[in-house]
Amino acid sequence: MKITTTLLTIALMLMALGAPAMAEEIELKFELPEPFFGGTPVDYWGPNLEEESFKPRPAFKAEAGTKIISKGKAVTSSDKNPALGELKMLVDGDKDYSKDSLIELGEGVQWVQVDLGAESTLECLLLWHFHEGNRVYFDVVVQASNDKEFKKDVITLYNNDFDNSAGFGVGEDKEYKDNDKGRLIDGKDTKAQYVRVYGQGNTANDLTNFVELEIWGR
Ligand SMILES: [Ca+2]
Ligand SMILES: [Ca+2]
């Protein structure tokens, strides 16, 4: 009799503990910019290039309460003086394809970093490099950490550097053509205060561009 009661108590406790895992999920509604029509098709092939798909992106579901947590947050970069734009434009909500909305960093491996202000749970990221025409950006490496310097406890969320030219190891993720829909990257519920995005040139030139980075989380 006593054992039965104990088992019942344990079962009830487990049910109570399991409750948060059953939190309500919502489909995230992304606001997309106007598409650009035109531009010459990109003349590039890489062993890791994703085949273009014209199917709509599957819905991304996340825990209720998930929202954009990056807008207006502090941005730093390996390139303190971008040739085009200002670093704060990375998270200003403007995703237009025009030159006025573009940040342009120098040659070589460059990065931009967003300080979310506090440790947050990352659900997903939407990344736009450039969408006034067709380009593939190289060595896209997305990392999250609680260390501002990215020296320790670094989690890699995306890495499409198939030949390790950026030096973070060979990545398993695909290269892709940038477009108005942005690149959706799973945050894998990572807990971090800082998000860093590396890049190294693109199919049109040796520079690295950004239009917007949207970080969705809690
Ligand atoms: Ca922007
Ligand atoms: Ca590479």
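Residues numbered from 1 in each chain as written. Chains lettered and ligands numbered in written order. Predicted model: local features only at pLDDT ≥ 70, side-chain atom pairs only at ≥ 80, totals over all residues. Heavy atoms only, no water.

## Points about the coordination of the calcium ion (ligand 1)
Working step 1: Every protein donor of the calcium ion (ligand 1) is accounted for by M89 (O), D92 (OD), D94 (O), V211 (O) and E212 (OE), and the metal-donor separations fall at 2.2 to 2.4 Å.
Working step 2: Sequence positions of the donors to the calcium ion (ligand 1) reduce to the motif M-x2-D-x1-D-x116-V-E. Within this pair, whereas D94 is found in the loop between β4 (74–77) and β5 (103–105), its partner E212 is found in strand β11 (residues 212–217), the two being separated by 118 residues in sequence.
Working step 3: Classification of D94 by relative accessible area gives partly exposed; the value is 30%. (Donors = N, O, S within 2.8 Å, 3.2 Å for Na, K, Ca; no water. Helix = DSSP H or I, 4+ residues; strand = E, 2+ residues; numbered from the N terminus. Buried < 20%, exposed > 50% of the residue type's maximum accessible area, 1.4 Å probe, protein only.)

## Section: the packing of aromatic side chains
Working step 1: Counted under the stated rule, the structure contains five aromatic pairs.
Working step 2: An angle of 80° between the planes, with centres 6.4 Å apart, marks the rings of Y158 and Y176 as edge-to-face. Here Y176 lies in the loop between β8 (155–159) and β9 (183–199) and Y158 lies in strand β8, a separation of 18 residues in the sequence. For the pair formed by Y158 and Y176, the shared burial category is buried.
Working step 3: A cation sits over an aromatic face here: R135 above F130, 3.7 Å from the ring centre.
Working step 4: R183 extends its terminal NZ or CZ atom over the ring of Y176, reaching a point 4.2 Å from the ring centre. (Phe/Tyr/Trp six-rings, centres within 6.5 Å; stacked < 30°, edge-to-face > 60°. Lys NZ or Arg CZ within 6 Å of the ring centre and 35° of its normal.)

## Here's the deal with the environment of K71
Working step 1: Considering the arrangement of structural elements, one finds K71 in the loop between β3 (67–68) and β4.
Working step 2: The exposure class of K71 is exposed, given its relative accessible area of 57%.
Working step 3: As for K71 and I215, which are separated by 144 residues in sequence, their C-alpha atoms are 8.1 Å apart.
Working step 4: Setting aside chain neighbours within four positions, we find K71 in contact with V91, D92 and G93. (Contact = heavy atoms within 4.5 Å.)

## Observations concerning the coordination of the calcium ion (ligand 2)
Working step 1: Around the calcium ion (ligand 2), the donor atoms from the protein are D139 (OD), D161 (OD), D163 (OD) and S165 (OG), and they sit 2.2 to 2.3 Å away.
Working step 2: Judged by relative accessible area, D161 falls into the buried class, the value being 0%.

## Overview of the nonpolar core
Working step 1: Counting residues in hydrophobic clusters, the biggest one holds 39 residues, and the most contacted among them are L90, L122, V142, L213 and I215.
Working step 2: Among the secondary structure elements, those contributing two or more residues to this core are β5, β6 (110–128), β7 (141–145), β8, β9 and β11.
Working step 3: Looking at this core, the element that brings in the most residues is β6, giving nine residues.
Working step 4: Setting aside anything within four residues of it in sequence, one finds L122 in contact with I69, L116, A144, L157, G187, K188, D189, T190, A192, V195, I215 and W216. (Core = buried A, V, L, I, M, F, W, Y, C linked by side-chain atoms within 4.5 Å.)

## Some remarks on unusual backbone geometry
Working step 1: Positive phi outside glycine occurs at F150, with the angle close to 55°.
Working step 2: Within the element layout of this structure, F150 appears in the loop between β7 and β8.
Working step 3: Even without glycine at this site, D153 takes up a positive phi of about 50°.
Working step 4: Tracing the backbone shows D153 in the loop between β7 and β8.

## Examining the layout of surface pockets
Working step 1: Of the pockets and cavities examined, the largest pocket occupies roughly 810 Å³.
Working step 2: Taken together, 25 residues line the largest pocket, and the ones lying closest to its centre are E52, S53, K177, N179 and K181.
Working step 3: Tallied by class, the residues present in the lining of the largest pocket amount to eight nonpolar, seven polar and ten charged.
Working step 4: E27, L28, F30, L32, K55, P56, R57, P58, A59, F60, K181 and L184 are the residues that line the second largest pocket.
Working step 5: Residues belonging to the lining of the second largest pocket are distributed by class as follows: eight nonpolar, no polar and four charged. (1 Å grid on protein atoms, 1.4 Å probe; cavity = no way out; pocket = protein on both sides within 12 Å on 5 of 7 lines; lining within 4 Å. Points joined across faces, edges and corners; volume = space filled by probe spheres on them. Nonpolar A, V, L, I, M, F, W, Y, C, P; charged D, E, K, R; others polar.)

## Structural notes on the environment of W216
Working step 1: By the secondary structure assignment, W216 is in strand β11.
Working step 2: As a C-alpha pair, W216 and D186 span 30 residues in sequence and 9.8 Å in three-dimensional space.
Working step 3: The residues touching W216, leaving out its near neighbours within four places in the chain, are L28, K29, F30, T66, K67, I68, I69, T121, L122, E123 and C124.

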